[in-house]
Every structure is written in structure tokens, then in C-alpha cells.
Amino acid sequence: MAANTTPESPLPVGEVSRLIGGWIDRLGAVWVEGQITQLSRRPGAGVVFLTLRDPSYDISVSVTCYRQVFDAVADVVTEGARVVVLAKPEWYAPRGQLSLRATEIKPVGVGELLARLEMLKKSLAAEGLFAPERKKPLPFLPQLIGLVCGRASAAERDVLENARHRWPAVRFEVRNVAVQGVHAVPQVVQAVKELDDIDDVDVIIVARGGGSVEDLLPFSDEQLVRAVASCRTPVVSAIGHEPDNPLLDHVADLRASTPTDAAKKVVPDVGEEYERVRMLRDRARRCVEAFVDREERGLAHALARPSIEDPHRMIDERADHVASLLDRGRRCLGHHLDRAASELTHTHARVVALSPAATLKRGYAVLQRADGHVVRDPGEVTADEALRARVAEGEFSVRVDASVDAQADA
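Notes on the structure in this doc start here. All values derive from a computational prediction rather than experimental measurement.

Criteria and thresholds
- Residues numbered from 1 in each chain as written.
- Predicted model: local features only at pLDDT ≥ 70, side-chain atom pairs only at ≥ 80, totals over all residues.
- Heavy atoms only, no water.
- Pairing = 2+ DSSP bridges.
- Helix = DSSP H or I, 4+ residues; strand = E, 2+ residues; numbered from the N terminus.
- Axes fitted to C-alpha atoms, helices over the stretch in contact; angles between N-to-C directions.
- Expected span 1.5 Å × (residues − 1).
- Buried < 20%, exposed > 50% of the residue type's maximum accessible area, 1.4 Å probe, protein only.
- Arc of directions from axis to C-beta.
- Contact = heavy atoms within 4.5 Å.
- Lys, Arg positive; Asp, Glu negative; His and termini not counted.
- Salt bridge = Lys/Arg side-chain N within 4 Å of Asp/Glu carboxyl O.
- Polar contact = N/O pair within 3.5 Å; in protein donor to acceptor, adjacent residues only side chain to side chain.

### A word on the sheet that holds strand 4 (residues 82–92)
Spatial strand order, 1-2-3-5-4: five strands in a closed barrel with mixed pairing. Each neighbouring strand pair of the sheet contributes to a mean axis angle of 55°, computed without reference to strand direction. Judged from the ten bridges that link them, strand 4 and strand 5 (residues 97–107) form a sheet pairing that is antiparallel. Looking at the pairing, Ala87 lines up with Ala102 of strand 5.

The structure is reproduced here in C-alpha cells:
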């Protein structure tokens, strides 16, 4: 319970420690899982001191137990082993230190580890962290590769040597970390995050050689899996050998069976690429040559056509036809004109023959009164009336004789 204190009446350190110890003493025993990082078994001492660490977080707690408790599992439990302990929290007042008093220790077996990993795998898969659509494609030719591996390890040597043998110009940004033990998870996570923050890094390889299930356990840690899933840079998992399958393989953008395989999958082979370029160049040349040959044959075929070989031939043929039609047209037009001229001549002769002028030329005359009226009957005129006589060559005046009336009366 909270104590009533003020600046004027504070609690002494010893009292605070006593209160904390009293509260902790009321706590019951709990089962705790962790990894042993330190183990102290002093000869003749009746107590064994352990440090139990959570591999996923930077948290450790001291554990003490009687020698007979530890001796029961001493043959199978060493530093780095994962264990489950039944312990009660204890408070050491003089130093203000919390520890656990273990009454039972059980090593975590491989079967149990695999079962827990399977449960974690299903949980992460349900979140979609292993979905294929989340996988990012690797660059064709990475300029700078981030490598997370153990210091001076065979995995580092395999990746560097094989990659540089395949493409000598490739560059690496290496982060040496612990690849097993209690410090592996935080160091690998930190290295992956550092490389992901470098803009020039095109791809990240996390590599480790083979080992037991316990040795590869850090690469199935949930914290590491989530860190890789959140990377914007493609990540390649190259852990162990072909049969090994940590959870990192499922969340990574590409799984390589070994570190050597990772180098082959990430870095193209300069010889193979040169050969591919040569083949593509030859293929392109053949395509161009085939295209040119096909077009040349088409052009030759087109030039061999009569209309192209002798372009004036069609014009000449048409010119003869046009000349023939023109001559025929002229002849037809001439015939029509001649016939029309003949008809016109005949019509003109008939018109001339029937015209008054022709009658006048035969000696006839036309008498007209003063008003221009033509005289057709003698009764139309009177004696001594002046008339105009029109003949072929002109006209003149005449006067009606008086005897005309007498003859008209008779």
C-alpha cells in the first residue's frame, strides 16, 4: 500500500526497501522461461547463481537455487540453454536487489521448442507477415549489399568471396553481430535496422552457417521477424543449410539455402551476363538481318513489277488508246459537221427558192400602197392612186391608170 509521505516527513531508504520486500514476499511462485547467460557454481557452495535473460528483449534477472536443485539438471543445462524455472521473487534489502529463488528447473526440449515455433509461425502467418504479395523483388544488379553475419565467420567468407567472384565491382556494408546466444536477437535487429536506414543499400543478406535448433533459434524470434517485415529494403535469409527453416526464411523477401546460394541469387554472374548480352546481341543482329533481307526481297519483287520496271509503258499504252479515241472522235465529229453542212446547204437552197426575192428575180413585182399594204386584188386600188412597185433589183413608183377601174367594173 502507498505510504503517506511529504518533503518534511520522508521515508528512510531502509523503510522503503522493507516495504518493497514485504510486498514482494506476498507474491507467489511463478514459472519463468528464459536463457541462461551466466552460471556460477562455486566448489563447496550450497547455492548456485544464474542469470536468466529474455532473448527478445534486453532484460535479465538473477536466479538462485540450492545445489541439489541444479544438480538434477546439471548434465543437460549449460550457459546458453533455454530453461523453465519455478521460482519465487525475493527482495535482498541490503542491496535493494530483486532475484528469483528457484525450486525446480526444467530444460526446454527440442520438441517443445519446435511446437512453440509452430504456434508462433501460425500466429504471424495469420497477420499476413508471410504473404507472397508482401515480398519485394530484388534489384537486378545491386551496387551496395548489406551483410549481417558473425565476425570472421565462414558465412561471411562464403558470401563475400562468391559475390566478388561473380561480380568484382559489387560493394558490401558488413555488420558483424552475435549469431547465437542471448545477444544475437538484439544485435541482429539493430544491424538490420541500421542497414535499412542507409539509402544506398540495395539489398540486405542475413547469413549464418549451420547449427542445431537451439543455435538457430534467434532467427525464429518474433522481434527479429517483425523487424524484417517492416524493412523497406529487400531482405534475403541465408540461415544454416537446406533442411534448416527458421521463421526468418518465411518473412524474408527471398530464402537462400546457404550463404553461398545467397551470393548466387543476389549477385549476377558477370560471365553469364556477358554471354547473355552476346546472345541477345547476336539474336538482335539476326533479327535485323532477316528484316533487311525480307525488305530487300519485297523491294526487288516490287521493282520487278511491270508498272515499276517500265513506268512509261502504261502511259504509252494509254497514249495510243487516247490517240485512237481522239482520232475516232475527230472523224465522228467531221462526219456530223459534214452532214450538218449538207443539210444546211439543202435547207438554204429551199429557203432561197421559196423566198420572195427569188420570185422577184423571175420578173415578178410586188405592189404596195402608201400604207405598205400589199396589193393582191385590183379592186383594192383606185384610179390615179400612187403605188410602189418592188422588183428584184429595187423599187419604183407607179400610178394606177383610169382604165384599171373600167376593167375592174367590167
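### Quick notes on helix 1 (residues 13–25)
An ideal rise of 1.5 Å per residue puts 18 Å on 13 residues; helix 1 measures up with 18 Å between its terminal C-alpha atoms. Among the residues of helix 1, those classed as buried are Ser17, Gly21 and Ile24. Down the axis of helix 1, the buried side of the element spans an arc of 65°, and every buried residue falls inside it. Those residues of helix 1 that are buried lie in contact with strand 4 and strand 5.

### Brief notes about the side chain of Asp269
On the secondary structure map, Asp269 appears in the loop between helix 8 (259–266) and helix 9 (270–303). In this structure, Asp269 is buried with no salt-bridge partner, the nearest side chain bearing the opposite charge being Arg166 at 4.2 Å. A distance of 2.9 Å separates the side chain of Asp269 from the backbone nitrogen of Gly271, its partner in a polar contact. At 2.8 Å, the side chain of Asp269 forms a polar contact with the backbone nitrogen of Glu272. Ignoring sequence-local partners within four residues, the contact set of Asp269 consists of Arg166 and Trp167.

### Comments concerning the pairing of strand 12 (residues 386–391)
Summarising the sheet, strand 11 (residues 366–368) and strand 12 pair through three bridges and their orientation is antiparallel. Of the residues in strand 12, the one forming a bridge with Gln368 is Arg388. Examined bridge by bridge, strand 12 and strand 13 (residues 394–399) share six bridges and lie antiparallel to one another. Note that in strand 13 the partner of Arg388 across the bridge is Ser397. Hairpin connection, strand 12 to strand 13: the antiparallel pair is bridged by two residues.

### Digging into the pattern of salt bridges
Per the stated rule, a full pass over the model turns up 21 salt bridges. For Arg82, the salt bridge identified is with Glu33, shortest N-O distance 3.1 Å. A residue pair is termed long-range when its members are at least 10 positions apart, and Arg82 in strand 4 and Glu33 in strand 1 (residues 30–40) qualify at 49 residues. A salt bridge links Arg331 to Asp327; the shortest N-O distance between them is 1.9 Å. With Arg331 and Asp327 both in helix 11 (residues 311–354) and four residues apart, this pair spans about one turn of that helix. Assessed through its relative accessible area of 44%, Arg331 is described here as partly exposed.

Read these as spatial facts, not as claims about activity.
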